[in-house]
Structure formats: structure tokens, C-alpha cells
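If you want the building blocks of each chain, they are given just below.
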Amino acid sequence: MEYVQIGDVSIEVFRKPIKNIHLRVYPPDGSIQISAPEKMKLDSIRLFAITKSEWIKKKQQELKTFSRQSAREYVSGENHYFRGNRYRLRVIYQHTDPHIELQGTQFINLYVRREATIERRAEILKDWYRADLNETLENLIPKWEEILDVTVDHWKIQHMKTLWGSCNVKRRGILFNLELAKKPFHCIEYIVVHELAHLIVQNHGERFTALLDANLPNWRRTKEQLDSFIV
Ligand SMILES: [Zn+2]
């Protein structure tokens, strides 16, 4: 993966068959991506990023304000996402083991003690997301190992700020962002294919996109969809 570093901001660079360079700041954390023509020099990309640095700062500030406003309190009525669908949270106070239950297609029921803190409520929901994503990945990874004829040595679900997934090619290890549990299945599958494909091609060049095209023809649309989600 290519990066340019501007001060303490690190920007991921994607090579694309395009004429003009462009830059986007993504919610919720203000991560930045540059799409650049395939042959553009990294120095020129860096210069471009520098000219945009004021704008980047402004954008990131806006996003910070936004995410503060939407901070979760884990009370009934809040919107929470699961597998790409929006649910309403219903907090049900009880003294047995804290847990989560889906109720139809509308409600996520959170069973907790009344005195449970916001942190504790968040943790229960996180554990539930993690277990669900884990199950999805346990099915998807062997499937795509076989199709792509690669082997993953180990993988892990982790909270990540700026990436949906990452691949350590040398150690054949893959990390998946816990936030994927909130996304539709095809988005999770795209990230699995993307990261496993890095075991064959490390960069995002032509060979890489050809590999994705051959195996997951709709990946560009899925990627766009994933990038535009507000967590
Ligand atoms: Zn990648």
C-alpha cells in the first residue's frame, strides 16, 4: 500500500486509471484517501496533498464535531446498525446475564442492569458484534482461501480507526475492523477478498484490480458503498 505523510497525517494512495488526482476525507474518523493516476510520481502526489492541507484540517474538524453529536448513550430509541440494516435499540432492565437479542427486523434488545454504565452497555453490544462478525469470517475466509488458492496463517477482529482491513503479507496475517459487523454481507466479503488478494499481489495496481474483477465483478460498487457509510 502506498502512503504520503503530511505532518502527522498519513494519506493512503490508490492508483486508478484516471486523468485527475483527487482526495477524499471519510467519516467517521476523517481518514484520507487519494486517488491518483497510475503513472503520477509520489512526489507530485505529495505536493498535491500539501496544497490541500488546510481543506483537510477543516474537513476533519467538521467530522469530529459530527461524531461528538452522534455519540452513543445506549438508551432506548437510538439507531444502531447491524449487517447493513438500521435497528432501534431497546434497553430492557433485568438482573440476569447481560445479553443482546434481535427482535424481528426492527429492534436490538439490550438486556442489562439498570445501573450499567455507558461503557458497559457499549461493551456488551461490541461483544455481540464481534461474535457475529467472527462467525461470518469463519465461513468466508476458508471459502476464499480455496477460490484464490492462498492460505491465511492467522486473522483477528480489531477496532481500527482508518481501515476496514489490513494484510501483513510476510506473516500472512489479516486484521478486520470490528465495524464491519454493521455492514451488509457483500461488503464484508469484499474486504475478505481484498485482503486475501494481497497475499497474491501486494499493491493496488493493475494485477490486483484484475484479480478482483475476475473474482468479484461488483467490487468497485461495493467499495464505494463501504466508503460512503457513516458508522
Ligand atoms: Zn489493500
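Residues numbered from 1 in each chain as written. Predicted model: local features only at pLDDT ≥ 70, side-chain atom pairs only at ≥ 80, totals over all residues.

### Comments concerning helix 3 (residues 118-148)
Right, on to step 1. Its 31 residues place the ends of helix 3 42 Å apart at the C-alpha level, agreeing with the 45 Å of an ideal helix rising 1.5 Å per residue.
Right, on to step 2. All of the buried residues along helix 3 are R121, L125, Y129, L133, L137 and W144.
Right, on to step 3. Here the buried face of helix 3 lies against strand 7 (99-103), strand 8 (107-112), strand 9 (154-158), strand 11 (173-177) and helix 4 (185-197). (Helix = DSSP H or I, 4+ residues; strand = E, 2+ residues; numbered from the N terminus. Expected span 1.5 Å × (residues − 1). Buried ≥ 20, exposed ≤ 12 C-beta atoms within 10 Å, placed from the backbone. Contact = placed C-beta atoms within 7 Å.)

### Brief notes about the pairing of strand 8
Right, on to step 1. Alternating positions in strand 8 separate cleanly, I108, L110 and V112 being buried on one face and F107, N109 and Y111 remaining unburied on the opposite face.
Right, on to step 2. With six bridges joining them, strand 6 (residues 85-93) and strand 8 adopt parallel strand pairing. Bridging from a neighbouring strand, R88 pairs with F107 of strand 8.
Right, on to step 3. Judged from the five bridges that link them, strand 7 and strand 8 form a sheet pairing that is antiparallel. Counterpart to L102 in the pairing with strand 8 is I108. (Pairing = 2+ DSSP bridges.)

### A word on the sheet that holds strand 11
Right, on to step 1. In space, the three strands of this open sheet follow the order 9-11-10, with mixed pairing throughout. Sheet topology places strand 9 and strand 10 (165-168) at the edges, where each strand pairs with a single neighbour. The average angle at which neighbouring strand axes cross in this sheet is 15°, direction not considered.
Right, on to step 2. Of the strand pairs in this sheet, strand 10 and strand 11 are connected by four bridges, and their pairing is antiparallel. Within strand 11, the residue paired with C167 across the bridge is I174. (Axes fitted to C-alpha atoms, helices over the stretch in contact; angles between N-to-C directions.)

### Focus: the domain arrangement of the chain
Right, on to step 1. Here the domain parsing of the chain yields domain 1 (2-69) and domain 2 (121-228).
Right, on to step 2. Spacing between the C-alpha centres of domain 1 and domain 2 amounts to 22 Å.
Right, on to step 3. If you look at the interface, domain 1 gives five residues, while domain 2 gives five residues.
Right, on to step 4. Here the side of domain 1 that touches domain 2 is built from residues that sort into two nonpolar, one polar and two charged. (Domains from an automatic or database assignment. Nonpolar A, V, L, I, M, F, W, Y, C, P; charged D, E, K, R; others polar.)

### Comments concerning the packing of helix 4 against helix 5 (residues 206-215)
Right, on to step 1. The interhelical angle for the contact between helix 4 and helix 5, taken along N-to-C directions, is 140°, at an axis separation of 10 Å. With respect to helix 5, the element helix 4 is oriented oblique. The crossing of helix 4 and helix 5 is right-handed. Note on element contacts: helix 5 touches helix 4 through F208, L211, L212 and N215, opposite V193, H194 and A197.
Right, on to step 2. For the contact of helix 4 with helix 5, the class distribution of residues is five nonpolar, two polar and no charged. (Parallel < 35°, antiparallel > 145°, perpendicular 65-115°, else oblique. Left-handed = near helix turned anticlockwise from the far one by under 90°.)

### Some thoughts on the sheet that holds strand 5 (residues 79-82)
Right, on to step 1. With respect to topology, four strands assemble into an open sheet ordered 5-6-8-7, the strand pairing being mixed. What marks the edges here is a single partner per strand, and that holds for strand 5 and strand 7. Averaged over all neighbouring strand pairs, the angle between strand axes comes to 40°, with direction disregarded.
Right, on to step 2. Here four bridges tie strand 5 to strand 6, and the two strands are oriented antiparallel to one another. Considered in strand 6, the bridge of N79 is made with R88.
Right, on to step 3. Lying over the sheet, helix 3 contacts strand 7 and strand 8, oriented at roughly 125° with respect to strand 8.

### Here we look at the nonpolar core
Right, on to step 1. Among the nonpolar cores identified, the biggest contains 28 residues, and F176, L180, I191, V192 and V193 are the most heavily contacted of them.
Right, on to step 2. Residue assignment for this core shows that the elements contributing at least two residues are strand 8, helix 3, strand 11, helix 4 and helix 6 (219-228).
Right, on to step 3. The element contributing the most residues to this core is helix 4, with seven residues.
Right, on to step 4. Discounting residues that sit within four places of it in the chain, L180 has contacts with L133, W164, C187, I188 and I191.
Right, on to step 5. By size, the runner-up hydrophobic cluster in this structure holds eight residues, among which are V4, V13, I34 and A49. (Core = buried A, V, L, I, M, F, W, Y, C linked by C-beta atoms within 7 Å.)

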